[in-house]
Amino acid sequence: GAVVSQHPSRVICKSGTSVKIECRSLDFQATTMFWYRQFPKQSLMLMATSNEGSKATYEQGVEKDKFLINHASLTLSTLTVTSAHPEDSSFYICSARDRRERFFGPGTRLTVL
Amino acid sequence: AQSVAQPEDQVNVAEGNPLTVKCTYSVSGNPYLFWYVQYPNRGLQFLLKYITGDNLVKGSYGFEAEFNKSQTSFHLKKPSALVSDSALYFCAVRDMNNNAGNMLTFGGGTRLMVKP
């Protein structure tokens, strides 16, 4: 089946720095990718939907200037957490959709010290 | 608006016994329904889905789910639980008739604990 990868799988950074997370669809072209955030023992919360070549659509309450999303190609979307703070520590999961269904990446655990 | 409810935060079952993880949904149109499993520090893995047709859907690892339109439910079941089934399970719904066709709404998740 289709595979979605994320890099890095785990990142630890200092408060105030920026972190970039990559999401790639490895064997299909994804016109739409989704970014989710998951807090411990909680469900996935959709942060934004990104379409290749256009601006991302952010969910209510998600700061677009803090969580920068770039969907530069049909196989790559990036999420940049700018000026990260400890409350941004979370598990970030991307999802990519081909014509039929949705596939999820393995997630990236971000820890901000 | 569409929503999903998983009423149990945790389900405990002994190995070899049948298991059920409950899910109810609400959509304005016809639903696409999904079950995903998540192991610690991992992303979601697809288990099964209901689109149309037979109400009983069979999926990965021996899991199955039954779509019940009158009760708006899509409970996940397995006849004989394994310790390795212990994980976090998410039910999700997508409204087939919604213009925002990409919107996948997740339930809060149910932790399944299978004890030997």
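Now for a look at the structure at hand. Here the structure is a predicted model, which means the values were calculated and not measured. (Residues numbered from 1 in each chain as written. Chains lettered and ligands numbered in written order. Predicted model: local features only at pLDDT ≥ 70, side-chain atom pairs only at ≥ 80, totals over all residues. Heavy atoms only, no water.)

Things to note about the overall build of chain A
What chain A contains, in helices and strands, is 0 helices and 11 strands. The secondary structure elements of chain A, listed N-terminal to C-terminal, are β-β-β-β-β-β-β-β-β-β-β. Each of the three principal axes of chain A carries a C-alpha extent, and together these read 40 × 25 × 20 Å. Considering chain A as a whole, with its 113 residues, one finds that 50% of them fall into the buried category. Across chain A, contacts joining residues at least 24 apart in sequence account for 54% of those joining residues at least 6 apart. (Helix = DSSP H or I, 4+ residues; strand = E, 2+ residues; numbered from the N terminus. Buried < 20%, exposed > 50% of the residue type's maximum accessible area, 1.4 Å probe, protein only. Contact = heavy atoms within 4.5 Å.)

With respect to the nonpolar core
Core analysis: the largest hydrophobic core is formed by 27 residues, its most contacted members being W35(B), L47(B), L48(B), F74(B), L76(B) and Y89(B). With 4 residues, the single largest contributor to this core is strand β10 (residues 87–95) of chain B. When neighbours within four sequence positions are excluded, L48(B) is seen to be in contact with L33(B), F34(B), W35(B), V57(B), K58(B), G59(B), F63(B), E64(B), A65(B), F74(B) and L76(B). By size, the runner-up hydrophobic cluster in this structure holds 24 residues, among which are C13(A), F28(A), W35(A) and Y92(A). (Core = buried A, V, L, I, M, F, W, Y, C linked by side-chain atoms within 4.5 Å.)

Structural notes on the side chain of D88(A)
Residues and elements named next belong to chain A. In this fold, D88 is placed in the loop between β8 (76–81) and β9 (90–97). Under the relative-accessibility criterion, D88 is labelled buried at 3%. Setting aside anything within four residues of it in sequence, one finds D88 in contact with R37, K66, F67, V81, S83, L110 and V112.

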